[in-house]
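Structure assessment
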Amino acid sequence: MSAPAPPRERSRDDLPHDEGAHAPLGELPDEDLSSMLTIRAFESALLDLFDRGMLNGTTHTCLGQEYVPVALEGLLAAGDHVFSNHRGHGHYLARHRDPEGLLAEIMGRRGAVCGGVGGSQHIRRDRYLSTGVQGESLPVACGVALHLKRTEPGALACVYVGDGTFGEGAVYEALNIASLWDLPLLVVVENNGIAQSTPLAANMAGSIAGRAAAFAVEHRLVDTVDVAAIRRGLDAAVRAVRQGRPLVVEFATHRLGPHSKGDDTRSAMDIAQARAADWYPRYAAADPERFARLDAVARAHIAAVTADVVARELS
Amino acid sequence: MRVAENLNAALHGLLEREPDLYVLGEDVMDPYGGAFKITRGLSDRFPGRVLSTPISENAITGVAAGLALAGDGAIVEMMFGDFAALAFDQLVNFAAKSVSMYGERVPMRMVLRCPVGGGRGYGPTHSQSLQKHFLGVPGLALYEASPFHDHAEVLAEMLQRAEPCVLFEDKVLYTRPMYEVEPPFALRAADGGGTAQVSLPGADPDCVVVAGGGVAHRVLEAMRSLLVEEEIVCTLLVPSRIYPVDLELPDVRQVFVVEEGTAGGTWGAEVAHVVHQRHWSRLDGPVTLVHSADSVVPTAAHLEREVLVSAADVHRTIREKLRG
């Protein structure tokens, strides 16, 4: 966690690294750790289903990034709106804890959240909505935030985007409007340093912090996987969002898996670096007995859900 | 009352009746009241719900979609319809798809108002008729402003559809009076998105001309000259909702479709397809399309005249078809 970074030229390698990689993790309730482990198990199960030729189309897993939405959920309220993107399974599961409905949606089976029409990238349930075009949800979230500001003051619209999303003009049109109109908009950037196959350094001049600063929007950089610390560090800024001070929170994070499936062109060293930053072994080392117990429960749950959904009739 | 005043009154009425309705657009607030003054007086009367925006057509349309998603209604003014190209993603990929892509019908009450058409010397990027670019999008209904439809009813119908709609407003209409048809022709106006009809009372028509509201006066001028010079009797049909196409045709053997859009992939082709499917057996031949040339819309008046469809084009095409 750090104060707003200065708007200067820098590549991802310059981002401050987690000083406390070996420092003790803050206390995390079972429920939150289970949520992270469930998302990990879900994404792993999806890749397995793909390998067995049982999934139609494509999917984008969030392996390595599971802690981001789980951390955020601790700061969000039921009345808040959440907008997600192509890599949204973790966002959905952290919000709704519904692996069954999500897998049914991805597989087009009975019980699908959106009848199998939307699939992995287009999901809507209550105040959660995802869509598959980069940056598209930011202006929409501004509209929802405008509605909330007038009718439900104190509620906010939270949008998950990636570092690659910052290539889209819609992002800047929306940041400008959110800042001008004092909208309760929270933009969560999962900066995993790579947009499909293109590294950040080849995609982005300047920085995300600099781009937020250009619109007089607050920026926070999060460079830890410690969920309790993340929540503590962001609490005040998220409360300010509710009063109409838009915020960009940039997570320096890592994508463990490929962009979609079998399309990882990263070097072995890059992948090794991503694995070294993974939250999973750190939380495992912090409390091995509890971790193993909760992980076994999560895996068994997802295995049971998978067996159930695979056997269902079409949606 | 002129068409611009009718549109303005319609917006006043809707904002008054619907407390959750917003109007968004560039320079729409008072005292400016929009580039064509259609939003005049709204922001003074309904502060907080009529908002001038940055020059961000894509985001404005997205904001409208967000309002609609949250249960509000939203009307967006594109300063010039040409700029709707910048909003294509939000309108087509998000707003229209949202109606059905989440597995259950999601009501989306939003309207994009697009001033279109040439004849005013604004040049290639401010004079297009963009109707054809928005045809055939699931969940997107298209309407065209007309001097024969009350836009209070039209806009109310568009919002009631609970799916995104585009209202194309031919700029030359703004200064035209409402409901004006000179004798011997008579107008039968229509409700909401229905079809208005202008015909010669007591006479069986030789042909039907289907036209959007923007070219209705050009067709009426041709109908008059065809009657006087050729004794050809035409009936004009002006639908308010232009897509999906739904037309009831009188029993005629010749049908023409007139629009200002340029050649290629036209609205008329879509109308012709529907007419052929429904009425092929009774027609003398295919529906005849009358439209502007395959060209950008030039700025200089003499060049613009060469490109845009005119009353003379309509007269010549109908005479040649019926008289050989």
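Residues numbered from 1 in each chain as written. Chains lettered and ligands numbered in written order. Predicted model: local features only at pLDDT ≥ 70, side-chain atom pairs only at ≥ 80, totals over all residues. Heavy atoms only, no water.

Per an unreviewed UniProt entry, chain B goes by the name Pyruvate dehydrogenase E1 component subunit beta and belongs to Actinacidiphila bryophytorum. Annotation of chain B in UniProt includes, under Cofactor (unreviewed entry), the sentence "thiamine diphosphate". One UniProt comment on chain B, placed under Function (unreviewed entry), says "The pyruvate dehydrogenase complex catalyzes the overall conversion of pyruvate to acetyl-CoA and CO2." (UniProt positions renumbered as here; feature names shortened; annotations may be inferred.)

Going by the annotation in an unreviewed UniProt entry, the name recorded for chain A is Pyruvate dehydrogenase E1 component alpha subunit, with Actinacidiphila bryophytorum given as the source organism. Listed under Cofactor (unreviewed entry) in UniProt, the entry text for chain A is "thiamine diphosphate".

Moving on, we get to the overall build of chain B. Broken down by element type, chain B carries 9 helices and 13 strands. For 324 residues, the compact-globule estimate of 2.2 N^0.38 gives 20 Å, and the C-alpha radius of gyration of chain B, at 19 Å, lies within 12% of that figure. Viewed in the frame of its principal axes, chain B has a C-alpha envelope of about 60 × 45 × 35 Å. Each of the 324 residues in chain B was classed as buried or not, and the buried ones make up 62%. The long-range share in chain B, meaning contacts at least 24 apart out of those at least 6 apart in sequence, stands at 78%. Total accessible area computed for chain B in this model is approximately 12000 Å², and 50% of it derives from carbon and sulfur atoms. One finds the centroid of the 27 positive side-chain charges in chain B at a distance of 1 Å from the centroid of its 42 negative side-chain charges. (Helix = DSSP H or I, 4+ residues; strand = E, 2+ residues; numbered from the N terminus. Rg over C-alpha atoms; globule rule 2.2 N^0.38 Å. Buried < 20%, exposed > 50% of the residue type's maximum accessible area, 1.4 Å probe, protein only. Contact = heavy atoms within 4.5 Å. Areas by Shrake-Rupley, 256 points an atom, 1.4 Å probe, with all protein chains shown as cover. Lys, Arg positive; Asp, Glu negative; His and termini not counted. Charge placed at Lys NZ, Arg CZ, Asp CG, Glu CD.)

Within chain A, the regular secondary structure consists of 11 helices and 9 strands. Against the 2.2 N^0.38 benchmark of 20 Å for 315 residues, chain A shows a C-alpha radius of gyration of 19 Å, consistent with a compact globule. Taken along its principal axes, the extent of the C-alpha atoms in chain A is 50 × 45 × 35 Å. Per-residue burial for chain A yields a buried fraction of 59% across its 315 residues. Counting every atom, chain A has about 12200 Å² of accessible surface; 52% of that belongs to carbon and sulfur. In chain A, 31 side chains carry a positive charge and 40 a negative one; their mean positions are 3 Å apart.

As a further point, take the sheet that holds strand β4 (residues 157–162) of chain A. Residue and element names in this part refer to chain A. Strand order in this open sheet of 7 strands is β2-β3-β1-β4-β5-β9-β8, and the pairing throughout is mixed. In this open sheet, the two edge strands, each paired with only one partner strand, are β2 (124–125) and β8 (218–222). Relative to strand β9 (residues 247–252), strand β5 (residues 185–191) runs parallel, the two sharing 6 bridges. Opposite Leu186, over in β9, you have Leu247 as the bridge partner. Sitting on the sheet, helix α3 (residues 89–96) is in contact with β1 (81–84), β2, β3 (128–130), β4 and β5, with an inclination near 170 degrees to β3. (Pairing = 2+ DSSP bridges. Axes fitted to C-alpha atoms, helices over the stretch in contact; angles between N-to-C directions.)

Now for helix α8 (residues 227–242) of chain A. Residue and element names in this part refer to chain A. In this model α8 runs 21 Å from its N-terminal to its C-terminal C-alpha over 16 residues, within 8% of the 22 Å that 1.5 Å per residue would give. Roughly 45 degrees is the biggest bend found in α8, and it falls at Asp235. Every buried residue of α8 is listed here: Val227, Ala228, Ala229, Ile230, Arg231, Leu234, Ala237, Val238, Val241 and Arg242. Looking at the packing, one finds that the buried side of α8 touches α1 (30–51), α2 (67–73), β5, β8, β9 and α10 (279–286). Two to three positions downstream of the cap, the backbone nitrogen of Ala228 sits 3.2 Å from a side-chain oxygen, assigning the N-cap of α8 to Asp226. (Expected span 1.5 Å × (residues − 1). Bend = angle between axes of the 7 residues up to and from the residue. Polar contact = N/O pair within 3.5 Å; in protein donor to acceptor, adjacent residues only side chain to side chain.)

All right, on to the packing of α1(A) against helix α11 (residues 288–310) of chain A then. Residue and element names in this part refer to chain A. At a closest axis distance of 8 Å, the pairing of α1 and α11 adopts a crossing angle of 45 degrees. If you check the angle between α1 and α11, you find them oblique. When the axes of α1 and α11 are compared, the crossing they make is right-handed. Within the contact between the two elements, α1 uses Asp30, Leu33, Ser34, Leu37, Thr38, Ala41, Phe42, Ala45 and Leu49 and α11 uses Arg290, Phe291, Arg293, Leu294, Asp295, Ala298, Arg299, Ile302, Thr306 and Val310. Each residue belonging to the contact of α1 with α11 can be placed in one class, and the counts come to 11 nonpolar, 3 polar and 5 charged. (Parallel < 35°, antiparallel > 145°, perpendicular 65-115°, else oblique. Left-handed = near helix turned anticlockwise from the far one by under 90°. Nonpolar A, V, L, I, M, F, W, Y, C, P; charged D, E, K, R; others polar.)

All right, on to the UniProt feature "domain: Dehydrogenase E1 component" (unreviewed entry) in chain A then. Summarizing the sequence annotation, UniProt attributes the feature "domain: Dehydrogenase E1 component" (unreviewed entry) to residues 36–278 of chain A in the numbering used throughout. End-to-end, the C-alpha atoms of residues 36–278 of chain A are 12 Å apart, and along that stretch the chain is 41% helix and 15% strand.

All right, on to the UniProt feature "domain: Transketolase-like pyrimidine-binding" (unreviewed entry) in chain B then. Those places that UniProt annotates as "domain: Transketolase-like pyrimidine-binding" (unreviewed entry) correspond, in this numbering, to residues 1–176 of chain B. Note that residues 1–176 of chain B is 30% helix and 17% strand, and that its end C-alpha atoms are spaced 8 Å apart.

Our next topic: the interface of chain B and chain A. Counting residues at the interface gives 31 residues for chain B and 27 residues for chain A. Interface area, chain B with chain A, both sides summed: about 2300 Å², of which 67% is carbon and sulfur. Ranking the residues of chain B by area buried against chain A places Val63(B), Met101(B) and Tyr102(B) at the top, with a combined share of 25%. On the surface where chain B and chain A come into contact, there are 1 salt bridge. The interface formed by chain B and chain A includes 9 residue pairs in polar contact (both at pLDDT 80 or more). Elements that contribute at least two residues to the side of chain B that touches chain A include exactly β1 (21–25), β2 (50–52), α3 (57–69) and α4 (88–98) of chain B. (Buried area = accessible area lost by both parts, 1.4 Å probe. Salt bridge = Lys/Arg side-chain N within 4 Å of Asp/Glu carboxyl O.)

Residues and elements named next belong to chain B. Within the open sheet, the 6 strands sit side by side as β7-β8-β10-β9-β12-β13. Their pairing is mixed. Each end of this open sheet is capped by a strand with a single partner; those strands are β7 (186–188) and β13 (288–292). Ignoring which end each strand starts from, the neighbouring axes of this sheet average 20 degrees apart. Pairing of strand β9 (residues 207–211) with strand β10 (residues 234–239), which is carried by 4 bridges, proceeds in the parallel orientation. The partner of Val209 across the bridge, within β10, is Leu236. Packed on one face of the sheet, helix α6 (residues 216–230) meets β8 (195–199), β9, β10 and β12 (255–262) and runs near 175 degrees to β10. Packed on one face of the sheet, helix α7 (residues 267–279) meets β9, β10, β12 and β13 and runs near 155 degrees to β12.

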